[in-house]
Amino acid sequence: MKLVKDFSRIALVAALACTFVFTSCKKDEEETDCGALASKVQTTSQAYASDPSNVEKCNAYKAALQAYISGCGEGTDLASFETALEFLTCD
């Protein structure tokens, strides 16, 4: 039950983060890269949501979160991404 509760939090945080990213990005070249990284986060979070016991999907989601955090940190609110990463355990 704890896994379902933790996953629900992660999915909610990821959905909110993606909504924030897609509605607040500007249309310049640097932001386009962040948009691609955010899209990768969304894609991998959906794949992980479909099978949260799959370690490969978990690791892909974790890597996408880390890439977004490191690549789009300047001028971006990363709290929701960092929270999702904090609750993500790929055992």
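Residues numbered from 1 in each chain as written. Predicted model: local features only at pLDDT ≥ 70, side-chain atom pairs only at ≥ 80, totals over all residues. Heavy atoms only, no water.

**Topic: the nonpolar core**
Working step 1: Within the largest apolar cluster, 15 residues are counted, with the highest numbers of intra-cluster contacts made by Val 41, Tyr 61, Leu 65, Tyr 68, Phe 81 and Leu 88.
Working step 2: For this core, the secondary structure elements donating two or more residues are helix H2 (29-50), helix H3 (55-71) and helix H4 (79-87).
Working step 3: With 6 residues, the single largest contributor to this core is H3. (Core = buried A, V, L, I, M, F, W, Y, C linked by side-chain atoms within 4.5 Å. Buried < 20%, exposed > 50% of the residue type's maximum accessible area, 1.4 Å probe, protein only. Helix = DSSP H or I, 4+ residues; strand = E, 2+ residues; numbered from the N terminus.)

**What to know about the packing of aromatic side chains**
Working step 1: Here the structure, examined in full by the defined rule, presents 2 aromatic pairs.
Working step 2: Ring centres 5.8 Å apart and planes at 25° place the aromatic pair Tyr 48 and Tyr 61 in the stacked group. Of this pair, Tyr 48 sits in helix H2 while Tyr 61 sits in helix H3, and the two are 13 residues apart along the sequence. For the pair shown, Tyr 48 and Tyr 61 are each scored as buried.
Working step 3: Geometrically, the ring pair formed by Tyr 68 and Phe 81 is stacked, given 4.2 Å between the ring centres and 25° between the ring planes. Pair noted here: Tyr 68 is in helix H3 and Phe 81 is in helix H4, with a separation of 13 residues, a long-range link.
Working step 4: Accessibility expressed as a relative area gives 1% for Phe 81, which makes it buried. (Phe/Tyr/Trp six-rings, centres within 6.5 Å; stacked < 30°, edge-to-face > 60°.)

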